[in-house]
Structure formats: C-alpha cells, structure tokens
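# Examination of the molecular architecture
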Amino acid sequence: MYDMIIIGSGPAGLAAAIYGQRAKLSLLVIEKLPMSGGQVANTYEVDNYPGLPGIGGYELGEKFRGHAGALGAAVVCEEVRSVCLSGDEKQVITDKETYTARTVVAATGAWHRRLGVPGEEELRGMGVSYCATCDGAFFRGKDVAVIGGGDTALEDALFLARNCRKVYLVHRRDALRGARTLQEKVLASEKIEVLWDTVVERIEGEGQVEALLLQNKKTQEAGRLLVSGVFAAIGMQPDSELFKGQVEMDENGYIRAGEDCATSVEGVFAAGDVRTKPLRQIVTAAADGANAVTSAERYLSGRGIG
Ligand code: NAP
C-alpha cells in the first residue's frame, strides 16, 4: 500500500510528487497520457511562471517531470477507471491494476468546454479544435476563427495570427475578459478582427470546416463567416467525473477544498484546476501540490504513520 497516490501529472500532481518524495512518502503518480504537464504541455509559451520567463509549455512540463523523476517519483501511464475513497485504505482502479493508498491527491485538472452547437462534434479534428498551439500549424495561410474573450482566446488569436492569413475573434460581449496586455496586442494586430456581441450558431463543412453561421446578439443580424478552422477557447470544465458522489463538489463540478486542499473526505486532497479556487494558474496549481502533501503528512502523522 502506498502512502499517497497522485492522479494527474500536471503542475499540481508533479509538485505533489516532488514534495511527497522529499517528505519520504511512498507514492505513485498516475498519468493518463504519456506526456506530463497537463494543460501546460499544450501551451506555446508561458510568461508568468517565476524565474522562467518565456519558457515553452512543453519544456516546462518536462522540467516538472524531470524534477519529480530525479527525486525518485514513480509515474505510470494508465487510465483511472474508478476510485473508492472511503475508509483508511483508498482504492484506485486503472485499466491495468488496482492500487491501494492511505491518501489520494486528485490533480486531474480541467478540460476544454464545448460550444454545444451543431457541427461541432462532427467536425472535431477536421477544423474544430480546442488547442491552437497543438493544431494551429495546420492552418498556415488560412482564415480561422477563435471563440471567446478570455486569456486563452486572446493568446490563441495572437498565436494563430503569426501564420494564419486572418484571425476572427468571435466574442459574445462587447468587452474582453482577458489580461489588459493581451487585449492591447490583439486590438493592435492587423491580422485579427474582433467580432463583438457575436455567437456561433452552427459550424458548417463537408469533412472539413468551411464556414460558421453567426448571430449578432444586439442586432439579431445573422452572418456566414468563411473559415477553415475554428478554435473554441471558452473556458474549462473540471475533470472530476471520477470523484462524483464521493467528495463534495460545487455546482460546476469543481471539488470543494480550501487552500489546505483537504476535501470532504479524510485522506483525500484536491490540487490544481480541479479544486474550487479563485485563480487557476500554473503557479497556483504547483502551490496546491505542496499544500496537499503538507496536509496529507499531517493526516498521516495523526494516524501514527510517518
Ligand atoms: P475564461 O477566463 O473563463 O474565459 C472564457 C471566455 O469564453 C469568456 O470570455 C467567456 O465570455 C467566453 N465564453 C464562455 N462560455 C461561452 C459560450 N458558451 N459561448 C461563447 N463564449 C463563451 O477561460 P480561459 O480564457 O480559458 O481562462 C481560464 C483561466 O486560465 C483564467 O483564470 C485565465 O486567467 C487563466 N489563463 C491564464 C493564462 C496566462 O496567464 N498566460 C493563459 C490562459 C488562461 P464572457 O467574457 O462573456 O464570460
């Protein structure tokens, strides 16, 4: 039996692994994909992680992983199918094994929210994308649309503008939500055109995105925008399905936990984007990993372990 099983290998999970190794806990990190860093791995450039200005997201993910590995953290690439979190012996059941641990850290992060419009599912991977840094290269010299007005949408629009012919930023309101510095860059870009107060009604195309049917929410005017790609950047959904019915969550599915990362179940901790928190950033996810381990150590020593 492990002292700790960490589910997820983003900044939260790997920071927990680093702190856990240093605390001499026997631990296992379970990651779904053979790529560490979580969402960070799909970020083109990270410019707000202290000490590493402008580092590539993939490289930062690798650094986190390398650090945990150098301290001896064991990482397996398996898909967790279910968990049983009650009692002193927690069970984590993957597609390959059943593991037991005294504590579990849920560091499963969050995934991209869907637009929920006709054509989205059918044309996914055929012009519909949720990751500009992963798929942007396919649209070199083409016209594309980015949906959303937050940091992700603004970063995506700027990233795509480097190689695409034209980028339409389709936003449902008349004010952007993202950081002021990004807003200034977007509005100054000659390649980016912002379509304000506009929503996507339908994505059209035969085997590849060809057009978006749009509606202006103020004038009710409908329009057809010819694009080869559409990048939805409308926020995140927590990856918390595994824990449903076992730990308390808020109305959006985020696991309820404070800064100590303690959930409603003893010995279970939530770290990173999957937890209720005001700011979801790499640096706050990493901080959660540290807090989760400190809380877990306290929990274990209260039971006479460690
Ligand atoms: P976000 O801040 O939640 O923004 C989502 C955007 O999508 C909002 O503009 C929202 O419109 C719009 N939206 C939501 N649902 C929609 C729908 N159904 N149809 C059309 N538009 C919709 O999400 P995010 O940009 O992914 O950022 C998430 C978090 O990560 C934030 O805390 C952000 O600061 C952080 N982040 C930071 C960086 C960085 O610092 N480099 C980069 C990326 C993300 P409204 O504005 O009308 O609500």
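Remember, predicted model here, so these are calculated numbers, not experimental data.

### Comments concerning the packing of helix α1 (residues 11-22) against helix α2 (residues 57-70)
Contact geometry of α1 with α2 gives a least axis separation of 9 Å together with a crossing angle of 20°. The angle between α1 and α2 places the two elements in the roughly parallel class. Crossing handedness for the pair α1 and α2: left-handed. Side by side, α1 and α2 meet where Pro-11, Leu-14, Ala-17 and Ile-18 of the first sit next to Gly-61, Phe-64, Arg-65, His-67 and Ala-68 of the second. Of the residues belonging to the contact of α1 with α2, the class tally is six nonpolar, two polar and one charged.

### Digging into the packing of aromatic side chains
Summed over all chains, the structure comprises four aromatic pairs. The lysine or arginine in question, Arg-114, covers the ring of Tyr-130, its NZ or CZ lying 4.3 Å from the ring centre. Above the ring of Tyr-254, the side-chain terminus of Arg-280 is found at 3.8 Å from the ring centroid.

### Some words on the nonpolar core
Ranked by internal contacts, the top residues of the largest apolar core, which has 32 residues, are Met-4, Ile-6, Leu-60 and Val-105. Listed by contribution, the elements that provide at least two residues to this core are β1 (2-7), α1, β2 (27-31), α2 and α6 (282-302). Broken down by element, the residue count for this core peaks at eight residues, all from α6. Ignoring any residue separated from it by four or fewer positions in sequence, one finds Leu-60 in contact with Val-40, Val-46, Tyr-49, Leu-52, Ile-55 and Ile-282. Counting residues in hydrophobic clusters, the runner-up holds 21 residues, among them Ile-5, Tyr-99, Phe-243 and Ala-257.

### A short note on α2
Every α-helix carries 3.6 residues per turn, so stepping three or four residues along brings you back to the same face. If you check α2, its first and last C-alpha atoms are 20 Å apart, about what 14 residues at 1.5 Å a residue would give, namely 20 Å. Taken residue by residue, α2 has Gly-57, Leu-60, Gly-61, Phe-64 and Ala-68 as its buried positions. Along the axis of α2, the buried positions cluster into a sector of 105°, meaning they face one direction only. The elements touched by buried residues of α2 are α1, β3 (45-46), β4 (55-56) and α6. One or two steps after α2, the chain reaches Gly-72, where phi turns positive at roughly 100°.

### Concerning the state of the cysteines
Tallied over the entire structure, the rule returns zero disulfides. Between Cys-164, a free cysteine, and Cys-131, which holds the nearest cysteine sulfur, the sulfur-to-sulfur gap is 13 Å. According to the relative accessible area criterion, Cys-164 is buried, its value standing at 2%.

### Some words on α6
An ideal rise of 1.5 Å per residue puts 30 Å on 21 residues; α6 measures up with 30 Å between its terminal C-alpha atoms. Remark: Gly-304 follows α6 within two positions and exhibits a positive phi of approximately 80°.

### What to know about the domain arrangement of the protein
Considered domain by domain, the protein is made up of domain 1 (2-112 + 236-301) and domain 2 (128-232). Every contact between the two is made by four residues of domain 1 and, on the other side, six residues of domain 2. Summed over both sides, the interface of domain 1 with domain 2 buries roughly 520 Å², with 58% coming from carbon and sulfur. Sorting the residues of domain 1 by area buried against domain 2 places Asn-42, Tyr-44 and His-112 first, and these three jointly supply 87% of that buried surface. Remark: the boundary between domain 1 and domain 2 carries one residue pair in polar contact (both at pLDDT 80 or more).

Conventions used here
Residues numbered from 1 in each chain as written. Predicted model: local features only at pLDDT ≥ 70, side-chain atom pairs only at ≥ 80, totals over all residues. Heavy atoms only, no water. Axes fitted to C-alpha atoms, helices over the stretch in contact; angles between N-to-C directions. Helix = DSSP H or I, 4+ residues; strand = E, 2+ residues; numbered from the N terminus. Parallel < 35°, antiparallel > 145°, perpendicular 65-115°, else oblique. Left-handed = near helix turned anticlockwise from the far one by under 90°. Contact = heavy atoms within 4.5 Å. Nonpolar A, V, L, I, M, F, W, Y, C, P; charged D, E, K, R; others polar. Phe/Tyr/Trp six-rings, centres within 6.5 Å; stacked < 30°, edge-to-face > 60°. Lys NZ or Arg CZ within 6 Å of the ring centre and 35° of its normal. Core = buried A, V, L, I, M, F, W, Y, C linked by side-chain atoms within 4.5 Å. Buried < 20%, exposed > 50% of the residue type's maximum accessible area, 1.4 Å probe, protein only. Expected span 1.5 Å × (residues − 1). Arc of directions from axis to C-beta. Disulfide = S-S within 2.5 Å. Domains from an automatic or database assignment. Buried area = accessible area lost by both parts, 1.4 Å probe. Polar contact = N/O pair within 3.5 Å; in protein donor to acceptor, adjacent residues only side chain to side chain.

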